[in-house]
Amino acid sequence: MKNLLRFIFRHHFLILFLLIESFSLFLLFSANPYQKVLFYTLSHQVSGRLSTRIENFKDYLSLHNENHKLAEENARLYNRLRSSFRLNTPDSAPVIDTLYSRRYLYLTARVINNTVNKQFNYITLDRGSSSGIEPDMAVINSDGIVGIVKSVSGNYSGVLSVLNRGFTVSGKIRKNGYYGPVSWSGKNTGFATLIDIPHHVAIAKGDTIVTSGFGGVFPEGYLIGIIEDFRLKGGNYYEINVRLSNDFRKLSYVQVIKNITRQEIDSLETRVAQ
Amino acid sequence: MIKEFLKYLFQFVVLILAQLAVFKNIEFSGYINPYVYVLFILLLPFYIPRIVLLISAFTLGLVMDLFMGTPGVHSTATVLMAFSRPFVLALFSPREGYQTGTLPRLSEFGLEWFVKYTIILVFLHHFTLFYLEVFTLDYFFSTFFRALLSMMLTSLIIIISQFFVFRQ
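Residues numbered from 1 in each chain as written. Chains lettered and ligands numbered in written order. Predicted model: local features only at pLDDT ≥ 70, side-chain atom pairs only at ≥ 80, totals over all residues.

Peer 1: Just checking my understanding: could you explain the confidence of the model for chain B for this structure?
Peer 2: Note that predicted coordinates carrying low pLDDT should not be read in detail. On average, residues of chain B carry a pLDDT of 86, and 96% of them reach 70 or more. Predicted as a complex, the structure gets a pTM of 0.62 and an ipTM equal to 0.78. (pLDDT = per-residue confidence, 0-100.)

Peer 1: It is not clear to me how unusual backbone geometry should be interpreted in this structure. Could you clarify?
Peer 2: Among all residues save glycine, negative phi is the norm, and among peptide bonds the norm is trans. All names here are of chain A. Located in the positive-phi region is aspartate 136, a residue other than glycine, with phi close to 75°. Relative to the elements of secondary structure, aspartate 136 occurs in the loop between β2 (120-125) and β3 (138-141). Its identity as a non-glycine residue notwithstanding, aspartate 196 has a phi of 70°, on the positive side. Tracing the sequence through the fold places aspartate 196 in strand β8 (residues 191-198). (Helix = DSSP H or I, 4+ residues; strand = E, 2+ residues; numbered from the N terminus.)

Peer 1: Before we go on, may I ask you to explain the sheet that holds β3 of chain A in this structure?
Peer 2: The pairing of strands in a sheet comes from backbone hydrogen bonds and takes either a parallel or an antiparallel form. An order of β1-β2-β5-β4-β3-β12 (chain A) is seen for the six strands of this closed barrel, with the pairing classed as antiparallel. Neighbour-to-neighbour, the strand axes of the sheet open up by a mean angle of 45°, direction not taken into account. (Pairing = 2+ DSSP bridges. Axes fitted to C-alpha atoms, helices over the stretch in contact; angles between N-to-C directions.)

Peer 1: Even after reading the chapter, I still don't get the interface of chain B and chain A, so can you show me in this structure?
Peer 2: Frequently, the measure chosen for interface size is the accessible area that the parts lose on association. Facing the 26 residues of chain B at the interface are 28 residues of chain A. Where the side of chain B that touches chain A is concerned, the elements lending two or more residues are α1 (2-21), α3 (50-68), α4 (73-91) and α5 (106-134) of chain B. Classifying every residue of the side of chain B that touches chain A gives 15 nonpolar, eight polar and three charged. (Contact = placed C-beta atoms within 7 Å. Nonpolar A, V, L, I, M, F, W, Y, C, P; charged D, E, K, R; others polar.)

Peer 1: Just to check I follow, could you spell out the pairing of strand β10 (residues 223-233) of chain A for this structure?
Peer 2: For a regular strand, side-chain orientation follows a simple rule: the groups alternate between the two sheet faces. All names here are of chain A. Note: strand β9 (residues 208-211) against β10, three bridges, orientation antiparallel. Its bridge partner being in β10, valine 210 is matched across the sheet by leucine 223. Direction of pairing for β10 relative to strand β11 (residues 237-244): antiparallel, over a ladder of eight bridges. Bridging across to β11, leucine 232 finds its partner in tyrosine 238. In this structure, the hairpin formed by β10 and β11 is closed by a connection of three residues, where glycine 234 is found at a positive phi of approximately 70°.

Peer 1: What is the right way to look at α3 of chain B in this model?
Peer 2: For an α-helix, 3.6 residues make a turn, and residues three or four places apart therefore share a direction. Compared with the 27 Å implied by 1.5 Å per residue over 19 residues, the 27 Å span of α3 of chain B between its first and last C-alpha is a close match. What α3 of chain B keeps buried is the set Leu53, Leu54, Ala57, Phe58, Leu60, Gly61, Val63, Met64, Asp65 and Met68 of chain B. Where α3 of chain B is buried, its residues contact α2 (12-30) of chain A together with α1, α2 (39-43) and α4 of chain B. Just beyond α3 of chain B, the residue with positive phi is glycine 69 of chain B, at close to 70°. (Expected span 1.5 Å × (residues − 1). Buried ≥ 20, exposed ≤ 12 C-beta atoms within 10 Å, placed from the backbone.)

Peer 1: Quick question: what am I supposed to make of the sheet that holds β8 of chain A here?
Peer 2: Spatially, β6-β7-β8-β11-β10-β9 (chain A) is the arrangement adopted by the six strands of the closed barrel, whose pairing is antiparallel. With strand direction ignored, the average angle separating the axes of adjacent strands in the sheet is 40°.

Peer 1: Got a minute to help me understand the nonpolar core in this structure?
Peer 2: Residues Val139, Val146, Val159, Val242 and Val254 of chain A are the most contacted members of the largest nonpolar core, which totals 45 residues. Excluding residues within four positions of it along the chain, valine 146 of chain A makes contact with Ile123, Val139, Ile140, Asn141, Val159, Val162, Asn246, Leu251 and Val254 of chain A. Within the second largest apolar cluster, 33 residues are counted, among which are Tyr35, Leu80, Leu129 and Ile158 of chain B. (Core = buried A, V, L, I, M, F, W, Y, C linked by C-beta atoms within 7 Å.)

Peer 1: Whenever I open this one, the packing of α2 of chain A against α4 of chain B confuses me. Can you help?
Peer 2: Working note: a packed helix pair is described by the angle between its axes plus the distance between those axes. Here α2 of chain A crosses α4 of chain B at 160°, and the two axes come no closer than 8 Å. As summarised for this structure, α2 of chain A and α4 of chain B are arranged roughly antiparallel, according to the angle between their axes. Crossing of α2 of chain A against α4 of chain B: the hand is left-handed. Contacts from Phe17, Ile20, Glu21, Ser24, Leu25, Leu27 and Leu28 of chain A of α2 of chain A reach α4 of chain B at Val73, Ser75, Thr76, Val79, Leu80 and Phe83 of chain B. Among the residues making up the contact of α2 of chain A with α4 of chain B, the classes are represented as nine nonpolar, three polar and one charged. (Parallel < 35°, antiparallel > 145°, perpendicular 65-115°, else oblique. Left-handed = near helix turned anticlockwise from the far one by under 90°.)

Peer 1: In this structure, what is going on with the environment of aspartate 229 of chain A? I would like to understand it.
Peer 2: Residue and element names in this part refer to chain A. Tracing the backbone shows aspartate 229 in strand β10. Taking the C-alpha atoms as reference points, aspartate 229 and alanine 204, 25 residues apart in sequence, are found 8.0 Å from one another. Look past the residues within four positions of aspartate 229 in its chain and what remains in contact with it is Lys205 and Asn241.

Here's what the structure looks like:
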């Protein structure tokens, strides 16, 4: 006993180091997806307030650009209003249209924390479950796709950025409709990789890549980026380097998209798979 | 004693705020990221009780983890760095040892001593941090270069900051 105490006393620094270090490693390794979400939620609550302050200040510096973007977007949306079209058939009666029902709902949010310099980047938004945000919603802005909501707390939500090794979205080449998974290679914040495009497909530098709408998270047709270069991998499939349309260092206002039909699609697909 | 404590608490808060507001935004295509907050561990006094050293490093890492949303990554790196600090100090110790009343500052021990001390500890911290963050050896060399370049930038910022903040 005395020897044990002496041993502990002599090596208390090493023992304490091993204890604290193993606790840190425990935090790191034991984090299963559920605990990770808990940690992110806690992390949002702690850092949310501070980040909001910092972002509030940064917003002032980018007001000019933001205004310009919003004005452009307004113009684009005005162009789609019914009031900006003229009826060509002179005497038609108005019809209440039941052919269409709403499928996507758009909510706006502001980015209050964002990293681009890690391999697993996350974005924090200033809206959470109290504003109707749920996990697995798509996040876009006027320049293209941004990410997917991963965890939600009362007032904040954590978004898996496109610049995250765990992010994959189904993308397609707009001109011919061939699709494949798009993911980030972790090397450069400006580029992602599209794979699984067969070698007979005609592609060229500058072709547009948009979301395919599969997977039910992103609606079809949102911009991902343009083809920068491509090469054949393994002889049969192209590996395409896509220049992302969004500059992830400048994100400030984003739209979160809720797919109202998603639950129905998901439950149908699980039933089919059984 | 209280005055000392408050001084280091102030450094702790300032360095974390500086990291979050300024240094977090430095990156070249996501390749180089300085983590200057480790300066806190470098500046602690020579004869700080080792237990306090480890615990304050752990707290520093944990706070960083909370802000960055990375459970355990920063705290593992800072605790390892704090653990190695006494050995690095012993390695570069002057012949008569460190006098009581002196602090590990560039102004007291000269540029060469401070550069060696900083680079070795920042190296340890950054390599642990970058490999834990990627969590795979698949991209061994790209991670290696990211850690190396970031280590250089962090050390450079730390050394330059010493000329401005702690000049006599």
